[in-house]
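As a plain string of letters, each chain reads:
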Amino acid sequence: MKIAQLFGKGKTVFSCEVFPPKKTSPVDSIYKTLDGLKDIHPDFISVTFGAGGSSNVNQSTAEIASIIQNQYHITAMAHLTCVGCTKGEATEILAQLKNSGVENVLALRGDRNPDFPPKEDFLHANELVSFIHRRGDFGVSAACYPEVHPEARDLEEDIQHLKEKVDAGATHLISQLFFDNNDFYSFLYRVRQAGITVPVEAGIMPVTNRKQIERMVSLCGASLPKKFVRIMHRYGDDPAAMQDAGIAYAVEQIVDLISNGVQGIHLYTMNNPTVAHRINQAVASLIRCANR
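Since we're looking at a predicted model, the values are computed, not measured.

Conventions we followed
- Residues numbered from 1 in each chain as written.
- Predicted model: local features only at pLDDT ≥ 70, side-chain atom pairs only at ≥ 80, totals over all residues.
- Heavy atoms only, no water.
- Buried < 20%, exposed > 50% of the residue type's maximum accessible area, 1.4 Å probe, protein only.
- Helix = DSSP H or I, 4+ residues; strand = E, 2+ residues; numbered from the N terminus.
- Arc of directions from axis to C-beta.
- Pairing = 2+ DSSP bridges.
- Axes fitted to C-alpha atoms, helices over the stretch in contact; angles between N-to-C directions.
- Contact = heavy atoms within 4.5 Å.
- Core = buried A, V, L, I, M, F, W, Y, C linked by side-chain atoms within 4.5 Å.
- Expected span 1.5 Å × (residues − 1).
- Polar contact = N/O pair within 3.5 Å; in protein donor to acceptor, adjacent residues only side chain to side chain.
- 1 Å grid on protein atoms, 1.4 Å probe; cavity = no way out; pocket = protein on both sides within 12 Å on 5 of 7 lines; lining within 4 Å.
- Points joined across faces, edges and corners; volume = space filled by probe spheres on them.
- Nonpolar A, V, L, I, M, F, W, Y, C, P; charged D, E, K, R; others polar.
- Phe/Tyr/Trp six-rings, centres within 6.5 Å; stacked < 30°, edge-to-face > 60°.
- Parallel < 35°, antiparallel > 145°, perpendicular 65-115°, else oblique.
- Left-handed = near helix turned anticlockwise from the far one by under 90°.

Notes on helix α8 (residues 226–235)
Inspection of α8 places Phe228, Ile231 and Met232 among the buried residues, and these make up the whole buried set. On an axial view of α8, the arc spanned by its buried residues comes to 95°, and they lie on one face. Counted as exposed and oriented over 90 degrees from the buried face of α8: Lys226, Arg230, His233 and Arg234.

See the structure below:
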């Protein structure tokens, strides 16, 4: 099933993201994560693309997507990045996905890694979206940035680039993580004003340790509300307390988003099914109610 088809009238989609195991770990170590996620019945699970575009990691992305699709019978979406693959490599991966019955791809520019020279066949995400759209019957998704892409001049330029991705064939958008829902609501209003009508999922990351959030904020430029900063300062040195506080904060965000009619929640699980379970348990009844 194409991801865009999941968004029926009034339905709130709930999805998850996982990443391939480290190069030193066997790919089948992902089963522990997937075994933990299957019981929350996500509408789909996405699999990130390997940093630096190494062939082994990129193949594991396609392999894990196939496992999700064919062994767990959950709709899978594989990530592809501009910086991580050439046109030839992208063609091979798309063929592998198609042969495995995986129908969905998230096309991204990707984060540049100083340890790996970026591939240069695709310079911008809209080019990769168009490439995938023309090569097989895939549902193509793209990313969006509620607080503006770090390299964009301003929100207006960023939304113009987003529109280029949609015009190139993206039929579904997933937002970068954010910690202030008002940022998402304001962004969504501007997106709709720009004539972008495809479904937009809110990307939520439960922060369970201080190092995790410091790294993610440095990568994506998300701002931290005072309320969240107080939580981090109060509980950041106590792992158990920080996990409880991070989960509670994410749940509070999701409750507010669902209550305000968001089309979907995309949970960045960090391969931690226990955290995902606790969040799902807290919001499952709200999603069921929204989907009646």
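Brief notes about the sheet that holds strand β2 (residues 44–47)
Sheet strands line up and pair through hydrogen bonds in the backbone, either parallel or antiparallel. With parallel pairing, the eight strands of this closed barrel are ordered in space as β1-β2-β3-β4-β5-β6-β7-β8. Strand-to-strand twist in this sheet, taken as the mean axis angle between neighbours without regard to direction, amounts to 30°. By the bridge criterion, four bridges tie strand β1 (residues 13–18) to β2 in an arrangement that is parallel. Within β2, the position partnered with Glu17 by the bridge is Ser46. Of the strands in this sheet, β1 and β2 are in contact with helix α1 (residues 30–38), which crosses β1 at around 165°.

A few points about the nonpolar core
Grouped together as the largest cluster of nonpolar side chains are 68 residues, with contacts concentrated most on Leu80, Leu97, Ile132, Leu173 and Ile265. Among the elements that line this core, the one with the most residues is helix α9 (residues 239–259), at six residues. When sequence neighbours within four positions are dropped, the list of residues in contact with Ile132 reads Leu80, Leu94, Val105, Ala107, Phe138 and Val140. Grouped together as the second largest cluster of nonpolar side chains are 26 residues, Ile3, Phe44, Met205 and Tyr249 included.

Focus on the environment of Ile265
Along the chain, Ile265 turns up in strand β8 (residues 264–268). Sequence-wise, Ile265 and Ala202 are 63 residues apart; in three dimensions their C-alpha atoms are separated by 5.0 Å. In this structure, Ile265 is in contact with Val13, Phe14, Ser15, Glu201, Ala202, Ile204, Ile254, Leu257 and Ile258, ignoring residues within four places of it in sequence.

Quick notes on helix α6 (residues 181–193)
Its 13 residues place the ends of α6 18 Å apart at the C-alpha level, agreeing with the 18 Å of an ideal helix rising 1.5 Å per residue. Within α6 the residues assigned to the buried category are Asn181, Phe184, Phe187 and Val191. Mapping the buried residues of α6 onto a view down its axis gives an arc of 120°, with all of them on the same face. More than 90 degrees from the buried face of α6, the exposed residues found are Asn182, Tyr189 and Gln193. Tucked inside the fold, the buried residues of α6 contact β5 (139–144), α5 (155–168), β6 (172–175), β7 (200–204) and α9. Where α6 starts, the residue carrying a side-chain oxygen 2.9 Å from the main-chain nitrogen of Asn182 turns out to be Asp180.

With respect to the layout of surface pockets
Empty space among the atoms can be located by rolling a probe the size of a water molecule over them. When its volume is computed, the second largest pocket comes out at roughly 310 Å³. For the second largest pocket, the lining is made up of 18 residues, of which Phe19, Thr269, Met270, Asn271 and Asn272 are closest to its centre. Residues that form the lining of the second largest pocket fall into these classes: seven nonpolar, nine polar and two charged.

Looking at the pairing of β8
Sheet faces and side chains relate simply in a regular strand, where the side chains alternate between the two faces. Of all the five residues making up β8, five are buried; the element is thus mostly covered by neighbouring parts of the structure. Burial of the side chains of β8 extends over both faces: Gly264, His266 and Tyr268 are buried on one face and Ile265 and Leu267 on the other. Taken together, the five bridges between β1 and β8 define a ladder with parallel strand orientation. Across the sheet, residue Cys16 finds its bridge partner in β8, namely Leu267.

Looking at the packing of aromatic side chains
In the structure shown here, the tally under the stated rule is six aromatic pairs. By the ring-pair criterion, three or more aromatic residues cluster together here, those being Phe178, Phe184 and Tyr185.

Some details on unusual backbone geometry
Excluding glycine, residues mostly carry a negative phi; peptide bonds, for their part, are mostly trans. In this structure, Val148 is a non-glycine residue whose phi angle is positive, near 80°. Tracing the backbone shows Val148 in the loop between β5 and α5. Phi angles above zero are rare outside glycine, and Asn271 is one such case at about 60°. In this structure, Asn271 sits in the loop between β8 and α10 (273–290).

Description of the side chain of Ser100
Position of Ser100 among the secondary structure elements: in the loop between α3 (87–99) and β4 (104–108). For Ser100, a relative accessible area of 17% gives the class buried. Here the side chain of Ser100 touches Gln96 through a polar contact of 3.0 Å, landing on its backbone oxygen. If we ignore the near neighbours within four places in the chain, the residues touching Ser100 are Ser66, Gln69 and Asn70.

Some points on the packing of α5 against α6
For the pair α5 and α6, interaxial distance at closest approach is 10 Å and the crossing angle is 60°. Between α5 and α6, the angle is such that the two are oblique. For α5 against α6, the interelement crossing comes out right-handed. Facing α5, whose interface residues are Leu155, Glu156, Ile159 and Leu162, α6 presents Phe187, Arg190 and Val191. Its residues assigned to classes, the contact of α5 with α6 comprises five nonpolar, no polar and two charged.

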